[in-house]
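Report on the structure
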Amino acid sequence: MKLGIVGLPNVGKSTLFNSITKAGAQAANFPFCTIDPNVGVVAVPDERIEKLGKLYNTKKVTPATIEFVDIAGLVKGASKGEGLGNQFLANIREVDAIVHVVRCFDDDNVIHVDGSVDSIRDIETINLELIFADLEVLEKRIAKVAKTARMDKTAAKELDLLERFKAHLEANNAARSLVTEDEDELKFRKEFNLLTDKPVIYAANVEDGDLSDDGASNEQVKKVRDFAAKEGSEVFVISARTEEEISELDEEEKKEFLDALGLKESGLEKLVRASYDLLGLMSFLTAGEDECRAWTIKKGTKAPQAAGKIHTDFERGFIKAEVINYQDLLDNGSIAAAKEKGIVRIEGKEYVVQDGDVILFRFNV
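Residues numbered from 1 in each chain as written. Predicted model: local features only at pLDDT ≥ 70, side-chain atom pairs only at ≥ 80, totals over all residues. Heavy atoms only, no water.

As for the environment of Phe227
Cut-off, in case you're wondering: In DSSP terms, a helix is any run of H or I states spanning at least four residues, a strand is any run of E spanning at least two, and both are numbered starting from the N terminus. Two residues qualify as a contact provided that any one of their heavy atoms is within 4.5 Å of a heavy atom in the partner residue.
Mapped onto the secondary structure, Phe227 falls in helix H7 (residues 219–231). For the pair Phe227 and Tyr202, spaced 25 residues apart in the sequence, the C-alpha separation amounts to 9.8 Å. Residue contacts for Phe227: discarding those within four places in its chain leaves Ile120, Ile123, Glu124, Asn127 and Tyr202.

Examining the packing of aromatic side chains
Under the convention used in this document: Side-chain rings of Phe, Tyr and Trp, where Trp is taken by its six-membered ring, are said to pair if the distance between their centres is within 6.5 Å; with planes under 30 degrees apart they count as stacked, over 60 as edge-to-face, and otherwise as tilted. Partly exposed residues are those whose accessible area sits between 20% and 50% of the maximum for their type, while under 20% is buried and over 50% is exposed, using a 1.4 Å probe and protein chains only. For a ring to carry a charge above it, either NZ of a lysine or CZ of an arginine must fall within 6 Å of the ring centroid while also lying within 35 degrees of the normal to the ring plane.
Under the definition given, this model contains six aromatic pairs. Centroid distance Phe165 to Phe192: 6.0 Å. Interplanar angle 80°. Geometry classified as edge-to-face. Here Phe165 is found in helix H5 (residues 153–170), whereas its partner Phe192 is found in helix H6 (residues 183–192), with 27 residues between them in sequence. Judged by its relative accessible area of 6%, Phe192 falls in the buried class. An aromatic cluster of three or more residues is present, and its members are Phe284, Trp295, Phe318 and Phe361. Above the face of the Trp295 ring, Arg293 is positioned so that its terminal group lies 4.0 Å from the ring centre.

Things to note about the sheet that holds strand S2 (residues 38–43)
Strand pairing in a sheet is mediated by backbone hydrogen bonds. Such pairs are either parallel or antiparallel. Rules: When DSSP finds two or more bridges between two strands, those strands count as paired. Orientation is described by axes fitted as lines to C-alpha atoms, over the contacting stretch for helices, and by angles from 0 to 180 degrees between their N-to-C directions.
Ordered in space as S2-S4-S1-S5-S6-S7, the six strands form an open sheet in which the pairing is mixed. Strand pairing shows two members of the sheet lacking a second neighbour, S2 and strand S7 (234–238), which therefore form its edges. With strand direction ignored, the average angle separating the axes of adjacent strands in the sheet is 25°. As judged from the six bridges shared by S2 and strand S4 (residues 65–70), these two strands associate in the antiparallel manner. Paired with Val39 across the strands is Val69, a residue of S4. Packing against the sheet, helix H4 (residues 119–149) makes contact with strand S1 (2–6), strand S5 (97–103) and strand S6 (200–205), and its axis sits at approximately 145° to S5.

Observations regarding the pairing of S4
Bridge count for S1 against S4 is four bridges, and the pairing is parallel. Residue pairing for S4: Ile5 is matched across the bridge by Asp70.

Focus: the pattern of salt bridges
Here is the rule: Salt bridges are defined as contacts in which a side-chain nitrogen from Lys or Arg sits within 4 Å of a carboxyl oxygen from Asp or Glu.
One pass over the structure, following the stated rule, counts 31 salt bridges. Across the salt bridge formed by Asp355 and Arg48, the nearest N and O atoms sit 3.3 Å from each other. Note that Asp355 is positioned in the loop between strand S11 (345–347) and strand S12 (357–363) and Arg48 in helix H2 (residues 47–56), a separation of 307 residues in sequence. By sharing partners, the salt bridges in this structure join Lys2, Glu67 and Glu94 into a single network.

Digging into the nonpolar core
Applicable threshold: We call a set of buried Ala, Val, Leu, Ile, Met, Phe, Trp, Tyr and Cys residues a nonpolar core when their side-chain atoms join them within 4.5 Å.
Ranked by internal contacts, the top residues of the largest apolar core, which has 66 residues, are Phe68, Ile92 and Tyr202. For this core, the leading source of residues is helix H10 (residues 267–279), giving six residues. Leaving out residues up to four positions away in the same chain, Phe68 has contacts with Leu3, Ile5, Phe17, Ile20, Thr21, Asn38, Val39, Gly40, Val42 and Leu271. Ranked by size, the runner-up nonpolar core spans 17 residues in total, among them Ile142, Leu169, Phe188 and Leu194.

Brief notes about the packing of H4 against H5
Under the convention used in this document: By definition in this entry, angles of less than 35 degrees are roughly parallel, angles greater than 145 are roughly antiparallel, angles of 65 to 115 are roughly perpendicular, and the rest are oblique. Each helix crossing is assigned a hand: it is left-handed if the near helix lies turned anticlockwise from the far helix by less than a right angle, otherwise right-handed if that turn is clockwise. We call Asp, Glu, Lys and Arg charged. Ala, Val, Leu, Ile, Met, Phe, Trp, Tyr, Cys and Pro are nonpolar, and the rest, Gly among them, are polar.
Put simply, H4 and H5 touch, their axes get as near as 9 Å, and they point 155° apart. The angle between the axes of H4 and H5 places the two elements in the roughly antiparallel class. The element H4 and its partner H5 pack so that their crossing is left-handed. Facing H4, whose interface residues are Ile131, Asp134, Leu135, Leu138, Glu139, Arg141, Ile142, Val145, Ala146, Thr148 and Ala149, H5 presents Ala155, Ala156, Glu158, Leu159, Leu162, Glu163, Phe165, Lys166, Leu169 and Glu170. Here the contact of H4 with H5 is built from residues that sort into 13 nonpolar, one polar and seven charged.

Note that every value here comes from positions in space, so none of it alone points to a role or purpose.
Pasting the structure below:
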């Protein structure tokens, strides 16, 4: 999974990136301090594989990972080359989802490019630049497809969809809010790879004091939540500064720090959960003395395709899957004890893998 972090300059974007990746992207109180996209790979927090690792006394514990791309602050006119221009829009095209950091705090010491804090205005500034960039893509494709649409039914169908998207965006709507159900249209849509068609998670960046009630008393956060609800996007409340402090602590200190703030989880954990929910993802697990590992798949994935995440041979030669829920495995103390009680199931090609399944695949090629 690859997430692109976007937002106006000085909204806490690079500070958030630094804290969740510890990759050290430069953070400074002036626009455009991020000159190139910074990339960091983050382990997905998952206590299940840690517990399995202890059960198996495993040599290696390998969590699932998320790749974050910190994309330089966009400003009005970015799609036309303003600020650092549309070179950064190209970086957004490569991600699975967008984390849009929105400033929801007042601080006279931190400059705002528009002179004041207004979460919805800031969201719309970014969205408008992405819409402009998408319209440019659509217009080029329309010009190309229109040449063959009169003689080709498939091209005619694509042209119809392109024009619907164009009209939708020209009305200042994000592409993600246009409904398409036809199989051919869904295929075309994927090929378009529009920026505003990507799922969005809004990161409402607040002061420490707004964390305890999850931003419920912050008017700017309320506005972001209302906006996101209308387009079916996720929102999570975070303090980038607090996350930066947390990133310097060990696990025990981190727990004490979160307890002191009245929090159950860090911003990274919130973001991972929101990302998985938004993209319809989950994890199954493999366990043994050599390695315990988490594998990320789409919800609804069947056993052979899940096996293919490990190796293509596993999918090609799939025979069966030995499956047990990770908690059942822990409760029984070993896979042998679980088998004696008949808790380990044998599943075939039609089995839909569930979150937290511990699976041993049998295959032959």
